Amino acid sequence: MKMVIAIVQDHDSQRLADRLTKNDFRNTKLATTGGFLRAGNTTFLCGVEDQRVDELLQLIDNTCGNREQTVAPVTPMGGNADSYIPYPVEVEVGGATVFVLPIEQFERF
Ligand code: 2BA
Ligand code: 2BA
């Protein structure tokens, strides 16, 4: 058995929770904060049989993997308009940080 710890953006968390449950991956969801940006993110703990680890990682990647998103331009509120981009741009969003740990013992009391 392995413990998969996945840190994902809040934006992806509801979708990931739904898909985990739908695919019978038992999980626990924690509200967490990134140390660098000090912004909220979501951490999933998922204890899973060894043979389903790859399937789980694939599911996380498909749900939270980096993807391109078109962002509409935002009109600058005064100040420096030099960097203003007047057209939609593609930016990279999403992503997941995942750790896979061995479980020494698993009990349910
Ligand atoms: P929940 O996910 O809200 O699950 C509550 C209870 O619902 C579970 O109790 C179990 O009796 C039932 N249940 C959950 N998923 C099920 C499923 N796919 N099919 C049938 N019944 C299901 P517990 O097993 O005592 O778990 C209590 C809490 O411990 C869970 O709350 C979850 O937060 C955590 N947990 C359990 N197994 C986990 C695992 N493998 N990985 C991560 N967290 C786990
Ligand atoms: P990511 O590397 O995708 O990390 C997203 C979040 O995942 C992190 O949020 C943190 O909560 C968690 N995380 C990443 N690596 C971890 C690790 N080794 N152990 C435990 N948790 C980990 P934040 O800390 O707020 O970071 C947000 C983003 O800022 C990072 O995205 C990365 O692109 C950037 N970043 C973080 N630390 C950096 C640094 N020291 N220098 C430059 N950029 C950094």
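Residues numbered from 1 in each chain as written. Chains lettered and ligands numbered in written order. Predicted model: local features only at pLDDT ≥ 70, side-chain atom pairs only at ≥ 80, totals over all residues. Heavy atoms only, no water.

A separate point is helix α1 (residues 10–22). The first and last C-alpha atoms of α1 sit 19 Å apart over 13 residues, in line with the 18 Å expected at 1.5 Å per residue. Those residues of α1 lying buried are Asp12, Ser13, Leu16, Ala17 and Leu20. Looking at the buried side of α1, the elements it contacts are β1 (2–9), β2 (28–33), β3 (40–48), α2 (53–64) and β4 (67–71). Residue Asp24 follows α1 closely and has a positive phi angle near 65°. (Helix = DSSP H or I, 4+ residues; strand = E, 2+ residues; numbered from the N terminus. Expected span 1.5 Å × (residues − 1). Buried < 20%, exposed > 50% of the residue type's maximum accessible area, 1.4 Å probe, protein only. Contact = heavy atoms within 4.5 Å.)

Bringing the packing of α1 against α2 into the picture now. For the pair α1 and α2, the least separation of the axes is 10 Å and the interaxial angle reads 145°. Considering the relative orientation of α1 and α2, their crossing is right-handed. Contacts from Asp12, Arg15, Leu16, Arg19 and Leu20 in α1 reach Leu56, Leu59, Ile60, Asn62, Thr63 and Cys64 in α2. Here the residues of the contact of α1 with α2 sort into six nonpolar, two polar and three charged. (Axes fitted to C-alpha atoms, helices over the stretch in contact; angles between N-to-C directions. Left-handed = near helix turned anticlockwise from the far one by under 90°. Nonpolar A, V, L, I, M, F, W, Y, C, P; charged D, E, K, R; others polar.)

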